Amino acid sequence: MGLLDFLKRGLEKTKNAFFKNVVSLLKEKSIDKETLERLEELLIQADVGVATTEYILQKLKERDGDPFENLKEILLEILNLDTSLKIPDEPPFVILVVGVNGTGKTTSCGKLGKFFIDQGKSVVLTAADTFRAAAIEQLKIWGERIGATVIAHGEGADPGAVAFDAVSHAVAKGKDVVIIDTAGRLHTKKNLIEELRKIHRVVKKRVVDAPHETLLVIDATTGQNGLVQAKIFKEAVDVTGIVLTKLDGTAKGGITLAIAKELGIPIKFVGVGEGEDDLRPFDPRAFVEVLLSE
Amino acid sequence: MFESLQEKLSRVFRNLAGKGRITEKNVQDAVREVKLSLLEADVNYKVVKEFVDGVLQRALGEEVLKSFTPDQQFIKIVRDELIRIMGERNVPLKLVHRPSPIMLVGLQGSGKTTTCAKLAKYLRKEGRNPVLVAADLYRPAAVEQLVKLGSQIGVEVIHDNNKTPVEVVRYAVERVKDSGKDVMIVDTAGRLHVDEEMMEELDRIKEILNPDEILLVVDAMMGQDAVNMAKTFDERLNLTGFIVTKMDGDARGGVILSIKYVTGKPVKFIGTSEKLDGLEPFHPDRIASRILGMGDVLSLIEKVERELDQEKMKRQAEKFLKAEFTLEDFKEQLQELKKLGLTSVLEMLPGAPKIDVEMSEKELKKIEAIINSMTPEERRNPEIIDASRKRRIAKGSGTTVQDVNKLLKTYEEMKTLMKRMKKGKFRIPFAF
């Protein structure tokens, strides 16, 4: 199955619920006040947020020509950021996975691992979530499932030490990819953010330019709080990309538009199902094409 | 909780406060601001529409009450409308059977497993004897998580990795029947409301359990889709209510304002901390006050009553009044305060100063360390602490002599206060 088909499948509901409306709306008539109002409602209900919605509508008003093409273009402009992975010349490629509770960090780590293993890479999963009960077990099960090494200490262990061990292990054994699962933290808790910074620092001691990617996991059902999450995590550990999970429900994930626009953070992966293979690289062009195609 | 909404609304009210009277123009402006802040807070678009229509109608139709200023009137209207939408009073659990089955359902990652443990802990405090059932056999290690949480709070967890969820529930019902346990909390796997197969599983579990309560666990960070999800679950399972989790982040919590209105089912609890006692009954009227920056003293008093050692508090209050309060007592009070959680106390106080909580928590730790480094004699008679003793205490507690001085000075001030109280010039608001 091609990437387009794959995205199409996952986004079917999103499209039906939201963008199909947009399409029929825009194709029907030229932009008048009523249309703009309905468009505002649709964008807000997709969790795009007040500010970004106003921005999009403003842009739409400024442009002549086919409103449908214009909307597509505007969304594309917002989403068109560099989505490539910063893979270093020398392995290991170190990925730090962060996010608030319950967005699917551990699961995303497993799926990310699968993604690299399928490319013939060797993967080390790192259980640096030592806080949530049984998070370590959860990651170990993923390790077995996909055939990755899992580095873990006990519950309540120092996450920095676990991360350091994992990276050292990868360097010593010549492993290709290190994926570090961290504790879900409500970003308002300063200590937890500090802990994250420490992991970031400690990893650098072993591999100078690591972590090469710091991926923030955001759940497609997330509301406006997602923007705050992204902002604070970006300040704390310099987030390089978003993993957008749970896009297979009826939620629209529109907050990522606001994140892309406000913070310039690209979406790098999307999760559209519960299977091991359901995490794929994000392609903004394909994304918008699919969103707006009928 | 609700900080940013509160902040935005208070700006709206301040703007109105400058106006002499309510006019259509300034109400329109205020209502627009309220609308935007609610949307920013993830309140569902349709609910916001209903809400602002209600406010607008009343604000423009209302007879101008002379005793109120425009902002007071407007606040009252907003508060009434908030309560109309959220419901008025707390709706408690209805546990009729014995044992009474409670079923928790929800999306992945909403916090069901943790909430199950919190609910068990809460019910035990209420004098119940609960048991937990691990029926999430899909997420790797979910069972282990519940077992661990169960052992942390000392509640038995019924589990069997070799059974299907439906079988586990059937087995649990049999086992609990005559066991003396009076509540049975079932943790189910997270699932999408559009996943037909998984929803059928819930139908079957519900049939076996015949639950007194089916609660949907909802993440406070959820956006506009929350109401669709809640509606689908409700139509399928006929929910009895909601538990909204993760209210301690700066989640907007708009979902709280939306789901009751859309489904007609009440929010029964909110999760307010990662710790296992972070589950509170939801009181719409109090939350409305909190959103409007009026504080929530009632919840605070209840929390104090629930969590603190009443006897100890009474003893200390008496000592306080007799001006016999020593540094030893001071330390005990600090420990009690820590139990409550400084953040939650400050949040519930009306007009509480915006202080840096983490700084204050550090400060508390420091004070504790200093007192810990004193001899019992010094704690009873701080007057004997001379320069050399100060140096020793500072060293022992890892602080500086200045820190020790500061603490002693605070203590002296408190003592003066006590003496004045003894003379009847003050009444104590709280024991601390």
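See the structure printed just above.
Residue positions within a chain follow its written sequence, with the count starting from 1. Each chain is given a letter, starting from A, and each ligand a number, starting from 1, according to the order in which they appear as written. Totals for whole chains, interfaces and linings use all residues, but because this is a predicted model, local features are given only for residues with pLDDT of at least 70 and pairs of side-chain atoms are given and counted only at 80 or more. Only hydrogens and water are set aside when side-chain values are computed; all heavy atoms of the structure are taken into account.

Caption draft 1: Region of the structure containing the sheet that holds strand E1 (residues 100–106) of chain B. All names here are of chain B. A pair of strands counts as paired when DSSP detects no fewer than two bridges linking them. Helix and strand labels come from DSSP, where a helix needs a run of H or I of at least four residues and a strand needs a run of E of at least two; each type is numbered from the N terminus. Taken together, eight strands build an open sheet; the order of strands is E3-E2-E4-E1-E5-E6-E7-E8 and the sheet is mixed. Two strands bound the open sheet, and with one partner strand each, they are strand E3 (157–158) and strand E8 (279–281). Looking at chain direction, E1 and strand E5 (residues 213–219) are connected through five bridges and run parallel. Opposite Leu104, over in E5, you have Leu215 as the bridge partner. We call two residues contacting when some pair of their heavy atoms lies within 4.5 Å. Where helices are involved, their axes are fitted lines through C-alpha atoms of the stretch in contact, as for all axes, and angles between N-to-C directions lie from 0 to 180°. Packing against the sheet, helix H10 (residues 254–263) makes contact with E5, strand E6 (241–245) and strand E7 (267–271), and its axis sits at approximately 170° to E6.

Caption draft 2: Here's a closer look at the sheet that holds strand E8 (residues 279–281) of chain A. Residues and elements named next belong to chain A. Read across the open sheet, the eight strands follow the order E3-E2-E4-E1-E5-E6-E7-E8; overall the sheet is mixed. Of all strands in the sheet, those with a lone pairing partner are strand E3 (149–151) and E8, marking the two edges. In this sheet, adjacent strand axes meet at a mean angle of 25° when their direction is disregarded. Strand direction decides the pairing type here: strand E6 (residues 241–245) and strand E7 (residues 267–271), joined by three bridges, are parallel. Bridging from a neighbouring strand, Ile242 pairs with Ile267 of E7. Contacts from helix H5 (residues 105–117) reach strand E1 (93–98), strand E2 (123–128), strand E4 (177–182), strand E5 (213–219), E6, E7 and E8, with the element oriented near 170° to E4. Together, E2, E3 and E4 form the strand contacts of helix H6 (residues 135–146), whose direction differs from that of E2 by roughly 170°.

Caption draft 3: Representation of H5(A) in the model. All names here are of chain A. One less than the number of residues in a helix, times 1.5 Å, gives the span that helix is expected to have. The first and last C-alpha atoms of H5 sit 18 Å apart over 13 residues, in line with the 18 Å expected at 1.5 Å per residue. Exposure classes here rest on a 1.4 Å probe applied to the protein chains alone. A residue is buried below 20% of its type maximum, exposed above 50%, and partly exposed in between. Of all 13 residues in H5, eleven are buried; the element is thus mostly enclosed. Lys105, Thr106, Ser108, Cys109, Gly110, Lys111, Leu112, Gly113, Lys114, Phe115 and Phe116 are the residues of H5 that are buried.

Caption draft 4: Local environment of the environment of B:Val133. In this structure, B:Val133 sits in strand E2 (residues 130–135). Leave out the neighbours within four places in its chain, and B:Val133 touches B:Leu146, B:Ile158, B:Val168, B:Ala172, B:Met184, B:Ile185, B:Val186 and B:Asp187.

Caption draft 5: Local environment of the interface of chain A and chain B. Taken together, the contact pairs 45 residues of chain A with 40 residues of chain B. A combined buried area of about 3,500 Å² lies between chain A and chain B, and 52% of that area is made up of carbon and sulfur atoms. Any Lys or Arg side-chain nitrogen found within 4 Å of a carboxyl oxygen on Asp or Glu counts as a salt bridge. At the boundary of chain A with chain B, the tally comes to three salt bridges. Across the pair A:Glu155 and B:Lys148 runs a salt bridge whose closest N-O atoms are separated by 2.7 Å. In the analysis that follows, any N or O atom pair within 3.5 Å is treated as a polar contact, provided that within protein one partner can donate a hydrogen and the other can accept it, and provided that, for residues neighboring in sequence, both atoms belong to side chains. Seen at the junction of chain A and chain B, the total is ten residue pairs in polar contact (both at pLDDT 80 or more). When contributions to the side of chain A that touches chain B are tallied by element, the ones reaching two or more residues are helix H2 (33–45), helix H3 (50–62), H6, helix H8 (190–206) and helix H9 (225–237) of chain A. Buried area adds together the accessible area that both of two parts lose upon being put together, with accessible area traced by a 1.4 Å probe.

Caption draft 6: Molecular detail of the packing of aromatic side chains. Stacked, edge-to-face and tilted labels apply to pairs of Phe, Tyr and Trp rings (six-membered ring for Trp) whose centres lie within 6.5 Å, assigned for plane angles under 30 degrees, over 60, and everything in between, in that order. On inspection of all chains with the given rule, the structure shows four aromatic pairs over all chains. With centroids separated by 5.8 Å and ring planes inclined at 85°, the aromatic side chains of A:Phe93 and A:Phe116 adopt a geometry described as edge-to-face. Note that A:Phe93 is positioned in strand E1 and A:Phe116 in helix H5, a separation of 23 residues in sequence. Between B:Tyr122 and B:Phe269, the ring centres sit 5.1 Å apart and the planes meet at 75°, which makes this aromatic pair edge-to-face. In this pair, B:Tyr122 is assigned in helix H5 (residues 112–125) and B:Phe269 in strand E7, connecting sequence segments 147 residues apart. Each of the two residues, B:Tyr122 as well as B:Phe269, counts as buried. An aromatic cluster of at least three residues, connected via ring pairs, comprises A:Phe93, A:Phe115, A:Phe116 and A:Phe269. One residue, A:Lys261, lies across the ring of A:Tyr55, its end atom 4.5 Å from the ring centre. Geometrically, a lysine NZ or arginine CZ counts as sitting over a ring once it is within 6 Å of the ring centre and also within 35 degrees of the ring normal.

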